[in-house]
Amino acid sequence: MKKKLLSVILSATMVAALVTGCGGGGSDTQTSAPAADNTTTDAPAADTTSAPAADTTTDAPAADNAGSGDLIKVGFAQVGHESDWRAANTQNYQDAFSEANGYELSFVDADNDNAVQLEAVRGFIQQEVDYICIAPIETAGWDTVLQEAQDAGIPVLIVDRSVDADASLYETQIGCDMVLEGETAGNWLAEYLDGADAKILVIEGSVGASATLGRTEGFNNIASAHSEWEILDSQSGDFTQAGGQEVMESFIKSYSDFNVVVCQNDNEAYGAMDAMDAAGITYGVDGDVIIISFDATHDGLQYTLDGKINCNVECNPLQAEFAAEVIQKLEAGSAIDAVTVVKDEAFVAPGIDSQYAVTMSQEVLDGRAY
Ligand code: GYE
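Sequence order sets the numbering: in each chain, residues are counted from 1 along the sequence as written. Thresholds applied to this predicted model are a pLDDT of at least 70 for local features of residues and 80 or more for the giving and counting of side-chain atom pairs; totals over whole chains, interfaces and linings are not thresholded and use all residues. Values reported for side chains reflect all heavy atoms of the structure, with hydrogen atoms and water molecules removed beforehand.

Asks: Explain the overall build of the protein here, please?
Replies: Numbered from the N terminus, helices here are DSSP runs of H or I no shorter than four residues, and strands are runs of E no shorter than two. What the protein contains, in helices and strands, is 11 helices and 14 strands. For the exposure calls, accessible area comes from a 1.4 Å probe over protein chains only, and a residue counts as buried if that area is under 20% of its type's maximum, exposed if over 50%, partly exposed in between. Here the protein holds 370 residues, and 54% of them are scored as buried. Here, two residues are considered to be in contact whenever any of their heavy atoms come within 4.5 Å of each other. For the protein, contacts bridging at least 24 residues in sequence account for 76% of all contacts bridging at least 6. Entry remark: accessible area of the protein is about 14,500 Å², with carbon and sulfur atoms responsible for 47%. The Shrake-Rupley method, run with a 1.4 Å probe sphere, supplies the accessible areas, and residue values consider only the shown protein chains as cover.

Okay, structure coming up:
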């Protein structure tokens, strides 16, 4: 199943897709819960996952070669296992790219190490997989290896985060609009504060990740229009709970006067809450400090429902169906969208009304699939 010719044809369709300015393709993710069994591996070495039960949660067109023994080989170079979001995203890929669905998935957990991720992609090229999905740890540094994949005739899908490489080096990009997420957080804060002063601490995600860069840019776009806001400090918590806790502990040592903490994912928020609990600082709707989080995973929304996180901006990790759909289109020789934007919502604690967010309820939480 070599893709050399197809890749050339696709470059033409990609240009057409870019010119028509596509985005989204109605990408409203409403998939049901992935299986609870999380098979994320820690091993950086390429690991061909065995097929989980034939339980697919995607709406993507069924692979017509399912069961024929002619599996489509997909290599997935995943960021790591830093967060609940990531675990849900990995599970979603393993479910969607199962043998029962017609795929042989080679999964590599790069453990947030750029060199390991580049090595994984080169391994997929050597294995002569049919498609490569990359969730890039950082935006930078992809040109050479993407060129190598293109030279080998292997189409690449950039998933979750984005790259700053030339778009002609990959087929498509699928993911959430991180700048919009940051702007939503900022717009909600402006609405909530209604002109009151803000002294803001930001716990950023991993350095150089598009999720970090985009959320920071979006939030700053709104903050710059509010002279009554001051961003006191901004440090990376690496999208982990331990990182969030560590950064918050150091913020608490350095700043005695703050009333907003922006955590760029839920796990960082859990760590920040632990640090504030230990220091006797109150937060949430009944506390002194407003907490904004991103991801809106199940546990993050539980904290939002409990009034501990004031506002939680979603990033939907259930994105594999879009990747599968693109691959099926490429298999069929059909045109694909250059960019698929996975849509997000935002959620606020009970008692808060917002034009930017849904007020949390038990019903919303019960409907959460990840
Ligand atoms: O917000 C964070 C994860 O790239 C959108 O990565 C993703 C981010 C997500 O570690 O929890």
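Asks: When you look at the site of the ligand in this model, what are you seeing that I'm missing?
Replies: In this text, near means that some heavy atom of the residue lies within 4 Å of the molecule or strand in question. Every one of the 13 residues lining the ligand counts as a neighbour, but Glu 82, Arg 161, Arg 215, Asn 265 and Asp 295 are closest to it. Pairs of N or O atoms are called polar contacts if they sit within 3.5 Å, as long as, within protein, a hydrogen donor faces a hydrogen acceptor (for residues adjacent in sequence, only side-chain-to-side-chain pairs). Contacts to the ligand include Glu 82, whose side-chain N or O atom sits 2.4 Å from an oxygen atom. One of the side-chain N or O atoms of Arg 215 is found 2.8 Å from an oxygen atom in the ligand. Look at the ligand: alone it shows 300 Å² of surface, and the protein chains cover 100% of it.

Asks: Would you mind showing me how to read the nonpolar core here?
Replies: Generally speaking, soluble globular proteins have nonpolar side chains that are buried together. What makes a nonpolar core is a set of buried Ala, Val, Leu, Ile, Met, Phe, Trp, Tyr and Cys residues whose side-chain atoms join them at distances within 4.5 Å. Membership of the largest hydrophobic core comes to 34 residues, with the highest contact counts inside it found for Val 74, Phe 97 and Leu 157. Looking at this core, the elements that each hand over two or more residues are strand S2 (72–78), helix H2 (84–96), strand S3 (103–109), strand S4 (131–134), strand S5 (156–159), strand S6 (172–176) and helix H10 (320–332). For this core, the element with the most residues is H10, which contributes seven residues. Marked domain ranges trace back to an automatic or database domain assignment. Looking at which domains feed residues into this core, each of domain 1 (16–176 + 317–343) and domain 2 (178–315 + 348–366) supplies at least three. Those residues in contact with Phe 97 that lie beyond four places of it in its chain are Val 74, Tyr 103, Leu 105, Ala 320, Ala 323, Ala 324 and Ile 327. Counting residues in hydrophobic clusters, the runner-up holds 24 residues, among them Ala 198, Val 260, Ile 290 and Cys 311.

Asks: Hey, could you run me through the sheet that holds strand S14 (residues 358–359) in this one?
Replies: The strands that make up a sheet are held in pairs by hydrogen bonds between backbone atoms, and each pair lies either parallel or antiparallel. Pairing in this open sheet of seven strands is mixed, and the strands run S8-S7-S9-S10-S11-S13-S14 from one edge to the other. Only two strands of the sheet have a single partner each, and these edge strands are strand S8 (229–236) and S14. As paired strands, strand S11 (residues 311–314) and strand S13 (residues 346–348) are joined by three bridges and run antiparallel to one another. Bridge assignment links Cys 311 to a residue of S13, and that residue is Val 348. Those strands touched by helix H6 (residues 210–223) are strand S7 (198–204), S8, strand S9 (260–263) and strand S10 (290–295), and its axis lies near 170 degrees from that of S8. For two strands to be treated as a pair, DSSP must find at least two bridges joining them. Only the contacting stretch of a helix is used when fitting its axis, a line to C-alpha atoms as for every element, and angles between N-to-C directions run 0 to 180 degrees.

Asks: Even after reading the chapter, I still don't get a negative patch on the surface, so can you show me in this structure?
Replies: A patch is a set of surface residues, each over 30% in relative accessible area and not in a salt bridge, joined within 9 Å for like charges and within 5 Å for the nonpolar side chains Val, Leu, Ile, Met, Phe, Trp and Tyr. We define a salt bridge as a side-chain nitrogen of Lys or Arg found within 4 Å of a carboxyl oxygen belonging to Asp or Glu. Here Asp and Glu are counted as negative and Lys and Arg as positive; His is not counted, and neither are the chain ends. Positions of charges follow a simple convention, taking NZ of Lys, CZ of Arg, CG of Asp or CD of Glu. On the surface, a cluster of negative charge is contributed by Glu 246, Glu 249, Asp 274 and Asp 277. Elements with a contribution of two residues or more to the negative patch: helix H7 (241–254) and helix H8 (266–279). If you trace the backbone, Glu 246 turns up in helix H7. Overall, the relative accessible area of 57% leaves Glu 246 in the exposed class.

Asks: Please clarify how the pattern of salt bridges should be interpreted in this entry.
Replies: Pairing of side chains with opposite charge becomes possible as their charged atoms draw close. Evaluated as defined, the whole model comprises nine salt bridges. Of the charged contacts, one joins Arg 86 and Asp 160 as a salt bridge, the two residues approaching to 2.7 Å between their closest N and O atoms. In this pair, Arg 86 is assigned in helix H2 and Asp 160 in the loop between S5 and S6, connecting sequence segments 74 residues apart. The same class applies to Arg 86 and to Asp 160, which are both buried. Arg 161 serves as the salt-bridge partner of Asp 160, at 3.9 Å between the closest nitrogen and oxygen. As far as the burial class goes, Asp 160 and Arg 161 line up, both buried. A network of salt bridges, in which partner residues are shared, links Glu 82, Arg 86, Asp 160 and Arg 161.

Asks: What am I meant to see in helix H4 (residues 143–151) here?
Replies: Think of an α-helix as turning once every 3.6 residues; residues three or four places apart then point the same way. Among all positions of H4, only Val 145, Leu 146 and Ala 149 are buried. Taken end-on, H4 shows its buried residues confined to a sector of 100 degrees, consistent with a single buried face. Exposed side of H4, more than 90 degrees from the buried face: Thr 144 and Asp 151 are the residues found there. Tucked inside the fold, the buried residues of H4 contact helix H3 (114–127), S4 and S5. Looking one or two places after H4, you find Gly 153, whose phi comes out positive at around 75 degrees. The directions considered for the arc run from the helix axis to the C-beta atoms.

Asks: What is the right way to read the pairing of S7 from this model?
Replies: Within a regular beta strand, the side chains point alternately toward one face of the sheet and then the other, so they alternate between its two faces. For S7, the buried fraction is high: six of the seven residues fall into the buried class. Pairing of S7 with S8 involves seven bridges; the strand directions are parallel. Each residue of the ladder has a partner; that of Glu 204, found in S8, is Ser 236. Between the parallel elements S7 and S8, the chain passes through H6 in a crossover that is right-handed. As judged from the four bridges shared by S7 and S9, these two strands associate in the parallel manner. The handedness rule is simple: strands pointing away from the viewer, and a clockwise path from the first strand over the helix to the second, make the crossover right-handed.

Read these as geometric descriptors, not functional statements.
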